[in-house]
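The residues making up each chain are set out below.
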Amino acid sequence: MSTVFDKTDKGREEIATRKHHLAPRLRSLLVMIDGKHTAEDLLQKVSGIGLTEQNLNDLHEQGFIHAKAETIVTTASGMPVAAEPVTQVAPTASAAANPDVHAVLPEGQSQFEAIYRFYTETIKSTIGLRGYGLQLKVEKSSSIDEFRQLRQPYLEAVLKAQGPEMARSLRDRLDQLLYLNEIPPPMTTIMGLAG
C-alpha cells in the first residue's frame, strides 16, 4: 500500500476537539497520519498495537483522512517512480499581497500548513518520543496564534534534547514561518539562545 494519506479538516477537528468520538486506537492512528509517510510505513509502526489496513480504510471511509495525489516521475531509463506527494493549495490572500512571503513559505503551502509541517517534522527528528505531548498540542492547534504559544516549549525541548546550536537554528527557521514579516519576540527566558 504505497498510498500517502493526510488528515482532512474533519480529521484535524477530531484531533483538536474529539468531536466525533473516534475510538482511542483509531485516534492514535489518525495522529500519526502526516501526509508524508506511506500507508505501508504507518501500518508497520502500528502493527504492534493491532491496527491494520482495515483501520486505515475505516478512517478513510469515515472522512478523517484522504489520499494525496502523487506525481509520477520517470528515470533516465524510462522507469516510473513515484515522486513526493503533491497537494495543490491556492495561495492565501496575505501571501498574494506580500511577495516576500513566497521566499519563506514552501511552494503551495499556507503559513498554517508550513508551520504544522515544520513542527511535526522537527519534533520527530530532534526530540523523538519525548516530544509526543508537544506533537499532540501541535495537532490540536487551529490557528497561527496557537502555534506561536507552542514556540517557547518547543524551543526549550529542542535545547534540552539537542543543545543550543540546533535550538538557535530551528528557532530562526520557525520564527520566519511564525512571524513572516513581523519581528519575533526576544528569547530572554531560554538560556543559551540569545542572539
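What comes next concerns the included structure. (Residues numbered from 1 in each chain as written. Predicted model: local features only at pLDDT ≥ 70, side-chain atom pairs only at ≥ 80, totals over all residues. Heavy atoms only, no water.)

1. Describing helix H11 (residues 164-179)
What counts here: Here a strand is any run of E in DSSP of at least two residues, a helix any run of H or I of at least four, and the numbering for each starts at the N terminus. Here the expected length of a helix is defined as 1.5 Å per residue gap, with one fewer gap than residues. Buried means the residue's accessible area, taken with a 1.4 Å probe over protein chains only, is under 20% of the maximum for its type, while exposed means over 50%, and partly exposed covers the values in between. Think of it as the arc spanned by the lines of direction from the helix axis to the C-beta atoms.
Its 16 residues place the ends of H11 21 Å apart at the C-alpha level, agreeing with the 22 Å of an ideal helix rising 1.5 Å per residue. Where H11 is concerned, the buried positions are Ala167, Leu170, Arg171, Leu174, Asp175, Leu177, Leu178 and Tyr179. Buried residues of H11 fall within an arc of 160° about the axis and therefore sit on the same side. At the C-terminal side of H11, leucine 180 shows a positive phi close to 40°.

2. What about the packing of helix H1 (residues 9-17) against helix H2 (residues 24-32)?
Our working rule: Whenever a helix is involved, its axis is fitted only over the stretch in contact; in every case the axis is a line through C-alpha atoms, and angles between N-to-C directions fall within 0 to 180 degrees. Each crossing gets its hand from how the near helix is turned against the far one by less than a right angle, where anticlockwise is left-handed and clockwise is right-handed. Contact criterion: two residues are considered in contact whenever any of their non-hydrogen atoms come within 4.5 Å of each other. Residues are sorted three ways: Asp, Glu, Lys and Arg are charged, Ala, Val, Leu, Ile, Met, Phe, Trp, Tyr, Cys and Pro are nonpolar, and all the rest, Gly among them, are polar.
As a packed pair, H1 and H2 sit with axes 10 Å apart at the nearest point and diverge in direction by 115°. Of the two elements, H1 crosses H2, and the hand of that crossing is left-handed. For the pair H1 and H2, contact is made by Gly11, Glu14, Ile15 and Ala16 and by Arg27, Leu30 and Val31, respectively. Its residues assigned to classes, the contact of H1 with H2 comprises four nonpolar, one polar and two charged.

3. Here's the deal with the side chain of threonine 8
How we decide: Pairs of N or O atoms are called polar contacts if they sit within 3.5 Å, as long as, within protein, a hydrogen donor faces a hydrogen acceptor (for residues adjacent in sequence, only side-chain-to-side-chain pairs).
Turning to its location among the elements, threonine 8 is positioned in the loop between strand S1 (5-7) and H1. Residue classification places threonine 8 among the buried residues on the basis of a relative accessible area of 16%. There is a polar contact of 2.5 Å between the side chain of threonine 8 and the backbone oxygen of glycine 63. When sequence neighbours within four positions are dropped, the list of residues in contact with threonine 8 reads Gly63, Phe64, Ile65 and His66.

4. Observations concerning the environment of isoleucine 65
In this structure, isoleucine 65 sits in strand S2 (residues 65-67). Distance from isoleucine 65 to arginine 12, taken between C-alpha atoms, is 9.1 Å for residues 53 residues apart in sequence. Residues in contact with isoleucine 65, not counting those within four places in the same chain, are Phe5, Asp6, Lys7, Thr8, Leu30, Ile33, Leu56, Leu59 and His60.

5. Considerations on the environment of histidine 60
Turning to its location among the elements, histidine 60 is positioned in helix H4 (residues 53-61). A C-alpha to C-alpha distance of 9.7 Å links histidine 60 and aspartate 6, two positions 54 residues apart in sequence. Beyond its immediate chain neighbours, meaning those up to four positions away, histidine 60 contacts Phe5, Ile65, His66 and Ala67.

6. Things to note about unusual backbone geometry
Notably, arginine 18 is not glycine yet its phi reads approximately 60°, a positive angle. One can find arginine 18 in the loop between H1 and H2. Its relative accessible area of 47% is what places arginine 18 among the partly exposed residues. The backbone of histidine 21 shows a phi angle near 55°, a positive value even though the residue is not glycine. Here histidine 21 is to be found in the loop between H1 and H2. The class for histidine 21 is exposed, based on a relative accessible area of 69%.

Read these as layout, nothing more, since geometry by itself doesn't imply function.
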